[in-house]
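Chain and residue survey
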Amino acid sequence: YIPTSAAEKVAGKPEINRIIVSVNKSENVESVKKSIEEVLKSNHSGTEDFSVLTQKELLSTFDSILNILTTFVVAIAAVSLLVGGIGIMNIMLVTVTERTREIGIRKALGATFGNIMGQFLTESVIISVLGGLIGLLLAYLAGFITKKFAGITPVYSLKTLMIALGVSLFIGVVFGTAPAIKAAKKRPIAALKSL
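Presented here is a report on the structure given in the accompanying data block. (Residues numbered from 1 in each chain as written. Predicted model: local features only at pLDDT ≥ 70, side-chain atom pairs only at ≥ 80, totals over all residues. Heavy atoms only, no water.)

The next point concerns the pattern of salt bridges. Under the defined criterion, the tally for this structure stands at two salt bridges. When the shortest N-O distance is used, the salt bridge between Arg99 and Glu102 registers 2.9 Å. Where Glu123 meets Arg99, a salt bridge forms, and the shortest distance between an N and an O atom there is 2.7 Å. Of this pair, Glu123 sits in helix α5 (residues 113–150) while Arg99 sits in the loop between α3 (55–98) and α4 (100–108), and the two are 24 residues apart along the sequence. Residue classification places Arg99 among the buried residues on the basis of a relative accessible area of 19%. (Salt bridge = Lys/Arg side-chain N within 4 Å of Asp/Glu carboxyl O. Helix = DSSP H or I, 4+ residues; strand = E, 2+ residues; numbered from the N terminus. Buried < 20%, exposed > 50% of the residue type's maximum accessible area, 1.4 Å probe, protein only.)

Okay, the nonpolar core next. Among the nonpolar cores identified, the biggest contains 14 residues, and Val96, Ile103, Ile116, Phe120, Ala180 and Ala183 are the most heavily contacted of them. Of all the elements in the fold, those that place two or more residues in this core are α3, α5 and α6 (158–184). The dominant element in this core, judged by the number of residues it contributes, is α6, at five residues. In this view, Ala180 contacts Met117, Phe120 and Leu121; residues no more than four positions away in its chain are not counted. (Core = buried A, V, L, I, M, F, W, Y, C linked by side-chain atoms within 4.5 Å. Contact = heavy atoms within 4.5 Å.)

Time to look at the packing of α4 against α5. For the pair α4 and α5, interaxial distance at closest approach is 10 Å and the crossing angle is 145°. Helix-helix and strand crossings are classified by hand; for α4 and α5 the assignment is right-handed. On the side of α4, the interface is formed by Glu102, Ile103, Arg106 and Lys107, while α5 contributes Asn115, Ile116, Gln119 and Phe120. The residue inventory of the contact of α4 with α5, partitioned by class, reads three nonpolar, two polar and three charged. (Axes fitted to C-alpha atoms, helices over the stretch in contact; angles between N-to-C directions. Left-handed = near helix turned anticlockwise from the far one by under 90°. Nonpolar A, V, L, I, M, F, W, Y, C, P; charged D, E, K, R; others polar.)

To continue, consider the environment of Val52. Within the fold, Val52 resides in the loop between α2 (29–43) and α3. Taking relative accessible area as the criterion, Val52 reaches 16% and is therefore assigned buried. C-alpha of Val52 to C-alpha of Ile19: the two residues are 33 residues apart in sequence and 9.2 Å apart in space. Ignoring sequence-local partners within four residues, the contact set of Val52 consists of Lys33, Ile36, Glu37, Leu40 and Glu57.

A separate point is the environment of Asn43. Relative to the helices and strands, Asn43 is located in helix α2. Taking the C-alpha atoms as reference points, Asn43 and Asn24, separated by 19 residues in sequence, lie 24 Å from one another.

Take the layout of surface pockets next. When its volume is computed, the largest pocket comes out at roughly 980 Å³. Taken together, 28 residues form the lining of the largest pocket, with Ile19, Ile20, Val21, Val52 and Leu53 sitting closest to its centre. If you list the elements that add at least two residues to the lining of the largest pocket, you get α2 and α3. For the lining of the largest pocket, the leading source of residues is α2, giving seven residues. Here the lining of the largest pocket is composed, by residue class, of 14 nonpolar, eight polar and six charged. Taken as a whole, the second largest pocket holds about 440 Å³ of empty space. (1 Å grid on protein atoms, 1.4 Å probe; cavity = no way out; pocket = protein on both sides within 12 Å on 5 of 7 lines; lining within 4 Å. Points joined across faces, edges and corners; volume = space filled by probe spheres on them.)

Following this line, the structure appears as structure tokens:
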């Protein structure tokens, strides 16, 4: 703590760029802020060419920045999920085409619409969940590397892990339904003709 005149000599200029004020009680923050604004305004000849910010206002600014970043990350994740889901659907459609004979034989032996659909839907879900597990392992590895080299300890939550696997399962069901229906709708005679 030094007088303003001494600060001017040390800094080499008469302007003060920042004043940090500590308040004894959190309830007094707003009244102290108003008092500071009044004093500064009178010292600046009535011109309000300054800003007085509280920690709450600074935190709200950081929160808005974090919300923008979170929205951006969610958008990237949504696009990634969409691309991954389309990839799973394409793989399953190719699988259905390649396994036409198998479908025909199973239907000739008495497999129902539900049996065929369940088989292909299960395969789609397995592919999707395996992709989700690989993603979780990569995330854990990235957290381990971050902790080792940056000294930042990642926080893992069982709830978050379960949500990630649930989303993987959901993607497998959504994008595997069309190929599964296509497989289940194949007529046994047409399928057996390709033998």
